[in-house]
Amino acid sequence: MTGVPVHRGYADGRFGQIHYRIAQPDHETGKRPLVCFHMSPYSGVIYETFMAEMGRDRVVIAMDTPGFGNSDPSPQQPTITDYARVALDLLNAKLITDVDLMGYHTGSKVAVETAINNPNLVHRVVMVSAPIYTPEELAEAKRIYGPEPLKEDGSHVQGWWQSAVHWSMEGRTLDHIGRTFWARVLNPAISWWGHAAAFAYDSGAAIPKVTQPILVLNPEDDVWKRTPRAKDLLAHADSYIHDLPGWSHGFLDIKTEEATHIVRTFLDAG
Amino acid sequence: MSLKLCVVTIIPPLALAGAFFSLDVASAADDGPGMTTSSSPSVPVRRAYVEGRFGQIHLRMARPDQESARTPLVCFHMSPNSGRIYETFLGHMGTDRLAVAPDTPGFGDSDPPSKQPSISDYAAAMTDVLDALGLTTVDVMGYHTGSETCVELALQQPDRVRKLILTSAPIFSDEELQDFRDHYAKPELSEDGSHAAKIWKGHLFWAGPGYTMDHVGVQFADALRRPDISWWGHNAAFDFPMGEKLKQVTQPVLVLNPNDDLVEHSRRAEGTMQNGRIHELPDWGHGYLDIYTEDAGALIRGYLDGEPS
């Protein structure tokens with residue numbers, strides 16, 4: 001399964017250059033473009049395999065969030081709202097007037113915020129996880145994912161790698177992790193900004209404001225017990241949570257065909 | 001870390017093959033929090049893609065507000081790494097000329113060749129960059145593997161390459177070559193991440209004077225990219241007959257020889273060049289482009305602009 005080619009490019013946004021990946025069919029299909037936002041840290045590289053497959057029948061774009069991948073950082077520590085504004089800059093730069101959005105962890109919050117602020121532009125939203133935290137869980141998450149000092153012995157990098165291995169689903173190899181891990185390591189001085197923005201965002205208050213249909217994919221990863229709490233927050237009648245037991249990080253690479261089928265079915269339903 | 005905010009003056013776009021590039025809009029942040037900063041005068045560094053024979057080629061570039069009559073400078077990086085090693089330096093050199101640093105195919109964000117490449121392949125791909133940017137005459141600068149790409153490009157394009165700046169010009173014995181090949185073979189990924197920690201420690205070990213962990217942190221991620229093929233750059237370098245090739249170069253060559261892992265090997269280039277010399281830099285090491293940006297700029301400008309070609 002090789003899919004269509006994935007190319008890369010830049011657009012200009014309010015914080016500087018926005019780097020993105022793009023895959024598309026060689027003919028017009030009439031389907032809405034899909035724009036994807038990544039988890040923290042990492043970059044749009046996590047979508048490369050997935051978008052090559054999804055790009056068979058629609059334009060698929062994966063943005064590097066400002067400060068991640070090759071996108072310029074914001075001058076100050078940003079919020080999810082800032083990220084959503086940059087997402088809009090990218091949509092405008094690409095002249096996209098109707099779009100579906102997909103986000104992964106932090107990226108799912110960017111998708112929600114973009115959908116709330118642009119109800120006429122965004123039609124459907126796919127969230128990979130929609131964790132709702134208790135105050136205690138949130139405090140613990142902030143502690144774990146705060147700034148980390150670099151260490152002479154490289155144990156900080158080793159810890160990041162071990163975490164990536166630990167949370168990988170069955171079938172995800174070291175080679176798979178090696179293809180994306182560098183994006184975890186980039187810009188270590190500010191790579192905690194993504195998590196900080198995510199934990200400062202009140203998903204419990206935001207998700208009910210989304211008037212568009214939402215599909216929540218709930219793989220068995222580090223937040224899968226917290227995502228079912230979002231069930232009663234989904235406003236649109238066509239919104240639902242799709243549990244994915246046995247799936248975890250890496251499913252976009254390992255379960256590409258199944259994942260694209262689930263996402264396509266939802267996006268093309270309306 | 002300080003942050004500089006810059007606004008790009010409207011500049012006519014260069015003739016690029018890529019569809020995603022323009023220089024005609026306001027831009028922020030030539031470097032940002034967490035990025036390497038320098039107190040030297042600088043202009044914003046922007047990034048773009050052009051099309052090459054192996055796919056997309058990613059590059060960084062900086063240029064003055066006003067049209068410059070100076071010869072553009074194109075810089076090739078070491079292995080693995082990417083054009084990111086030149087980011088601070090480009091910002092400085094871009095104050096009075098176009099300065100460009102492509103990512104070698106397979107490194108940074110440039111597409112890889114379909115099979116293991118040679119230095120000749122890298123040089124040919126860099127010709128694609130020159131074509132895409134419409135550059136008819138250039139000065140070239142290389143760093144380790146990039147130095148070999150400079151030499152090969154100077155031989156392939158003798159009328160296009162005016163002067164060469166080489167950070168190291170290593171000439172290896174057969175025994176040394178074998179040792180280097182063993183050391184820089186394809187990395188084995190480990191379950192416990194020890195391979196990544198080892199690369200990190202290697203970067204710190206070879207960090208030159210003034211080059212901190214924060215500096216290493218900015219560059220390190222590029223050494224982890226594409227572990228399946230990240231050894232191709234070194235392999236191409238070790239296959240390149242630098243001694244023989246360097247002898248054939250007719251253009252002026254300045255070899256900068258900092259006190260790094262190739263300092264002894266580069267001294268062997270003395271006397272082999274038709275029109276070159278070695279400049280010893282015993283107090284500089286890896287990272288000097290970030291630490292001694294202005295001094296390096298003055299030294300290189302002196303050679304490129306001051307000495308007759």
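Please refer to the structure placed before this passage.
Residues numbered from 1 in each chain as written. Chains lettered and ligands numbered in written order. Predicted model: local features only at pLDDT ≥ 70, side-chain atom pairs only at ≥ 80, totals over all residues.

### Details of the overall build of chain A
Stage number 1. Looking only at helices and strands, one finds 10 helices and 8 strands in chain A.
Stage number 2. For chain A, whose C-alpha radius of gyration is 17 Å, the value lies close to the compact-globule estimate of 18 Å for 270 residues.
Stage number 3. Expressed as lengths along the three principal axes of its C-alpha atoms, the size of chain A is roughly 55 × 40 × 40 Å.
Stage number 4. Within the span of chain A, comprising 270 residues, buried residues form 55% of the whole.
Stage number 5. Considering only contacts in chain A between residues 6 or more positions apart, those separated by 24 or more positions represent 76%. (Helix = DSSP H or I, 4+ residues; strand = E, 2+ residues; numbered from the N terminus. Rg over C-alpha atoms; globule rule 2.2 N^0.38 Å. Buried ≥ 20, exposed ≤ 12 C-beta atoms within 10 Å, placed from the backbone. Contact = placed C-beta atoms within 7 Å.)

### Topic: the overall build of chain B
Stage number 1. Assigned secondary structure in chain B consists of 11 helices and 8 strands.
Stage number 2. A total of 309 residues make up chain B; the buried ones form 55% of that total.
Stage number 3. Within chain B, contacts between residues separated by at least 24 positions form 74% of all contacts whose residues are at least 6 apart in sequence.

### Remarks on unusual backbone geometry
Stage number 1. Looking along the chain, the bond that leaves Ser40(A) and enters Pro41(A) is cis, with omega of -15°.
Stage number 2. If you check the backbone angles, Leu95(A) has positive phi at about 60° while not being a glycine.
Stage number 3. If you trace the backbone, Leu95(A) turns up in the loop between helix H2 (80-93) and strand E5 (99-104).
Stage number 4. Positive phi is not limited to glycine here, since Ser168(B) has a value of about 75°.
Stage number 5. Along the chain, Ser168(B) turns up in the loop between strand E6 (161-167) and helix H4 (174-183).

### Notes on the environment of Leu299(B)
Stage number 1. Positionally, Leu299(B) belongs in helix H11 (residues 293-306).
Stage number 2. Expressed as a C-alpha distance, the spacing of Leu299(B) and Ser40(B), which sit 259 residues apart in the sequence, is 14 Å.

### Structural notes on the sheet that holds strand E2 (residues 16-23) of chain A
Residue and element names in this part refer to chain A.
Stage number 1. Spatial ordering of the open sheet is given by E1-E2-E4-E3-E5-E6-E7-E8, a layout of 8 strands whose pairing is mixed. Every interior strand has two partners, whereas the edge strands, strand E1 (6-13) and strand E8 (240-244), have only one. Between one strand axis and the next, the sheet turns through 20° on average, direction left out of account.
Stage number 2. In the packing of helix H3 (residues 106-117) onto the sheet, contacts are made with strand E3 (34-37), E5 and strand E6 (122-128), and the angle to E5 comes to roughly 150°.
Stage number 3. Contacts between helix H10 (residues 256-267) and the sheet are confined to E3, E5, E6, strand E7 (214-219) and E8, with E6 contributing the most and set at about 150° to the helix. (Pairing = 2+ DSSP bridges. Axes fitted to C-alpha atoms, helices over the stretch in contact; angles between N-to-C directions.)

### Quick notes on the sheet that holds strand E2 (residues 55-62) of chain B
All names here are of chain B.
Stage number 1. Judged by pairing direction, the sheet is mixed, and its 8 strands sit side by side in the order E1-E2-E4-E3-E5-E6-E7-E8 without closing on themselves. In the strand order of this sheet, the two ends are held by strand E1 (46-52) and strand E8 (276-281), each with one partner. When strand polarity is set aside, the average angle formed by the axes of neighbouring strands in this sheet is 25°.
Stage number 2. When strand E3 (residues 73-76) meets strand E5 (residues 138-143), the two strands line up parallel, connected through 4 bridges. Paired with valine 74 across the strands is valine 140, a residue of E5.
Stage number 3. Along the sheet, helix H2 (residues 119-133) makes contact with E1, E2, E3, strand E4 (99-102) and E5, crossing E1 at roughly 110°.
Stage number 4. Of the strands in this sheet, E3, E5 and E6 touch helix H3 (residues 145-156), which is tilted by about 150° from E5.

### Describing the pairing of E4(B)
Residues and elements named next belong to chain B.
Stage number 1. Burial of the side chains of E4 extends over both faces: Ala99 and Ala101 are buried on one face and Val100 and Pro102 on the other.
Stage number 2. Sheet topology note: the E2/E4 ladder contains 4 bridges and is antiparallel. Across the sheet, residue arginine 60 finds its bridge partner in E4, namely alanine 101.
Stage number 3. Two elements, E3 and E4, share 2 bridges in a ladder whose sense is parallel. Pairing of valine 74 across the sheet is with valine 100, part of E4.
Stage number 4. In this fold, the crossover linking E3 to E4 by way of helix H1 (residues 87-93) has right-handed handedness. (Right-handed = clockwise from strand over helix to strand, strands pointing away.)

### A closer look at the interface of chain A and chain B
Stage number 1. Across the boundary between the two partners, chain A contributes 33 residues, which contact 37 residues of chain B.
Stage number 2. Among the secondary structure elements, those contributing two or more residues to the side of chain A that touches chain B are E1, E2, helix H5 (155-166) and helix H6 (174-185) of chain A.

### Section: H2(B)
All names here are of chain B.
Stage number 1. An ideal rise of 1.5 Å per residue puts 21 Å on 15 residues; H2 measures up with 21 Å between its terminal C-alpha atoms.
Stage number 2. With respect to burial, H2 is a largely interior element, 11 of its 15 residues being buried.
Stage number 3. For H2, the full list of buried residues reads Ile119, Asp121, Tyr122, Ala123, Ala124, Ala125, Met126, Val129, Leu130, Ala132 and Leu133.
Stage number 4. Glycine 134, located one to two residues past H2, shows a positive phi value of around 70°. (Expected span 1.5 Å × (residues − 1).)

### Digging into the nonpolar core
Stage number 1. Counting 161 residues, the largest nonpolar core has Cys36(A), Met51(A), Ala87(A), Val125(A) and Met127(A) as the members making the most contacts within it.
Stage number 2. If you tally residues by element for this core, the top one is H2(B), at 10 residues.
Stage number 3. Setting aside chain neighbours within four positions, we find Cys36(A) in contact with Gly44(A), Tyr47(A), Met51(A), Val60(A), Ile61(A), Ala62(A), Met102(A) and Gly107(A). (Core = buried A, V, L, I, M, F, W, Y, C linked by C-beta atoms within 7 Å.)

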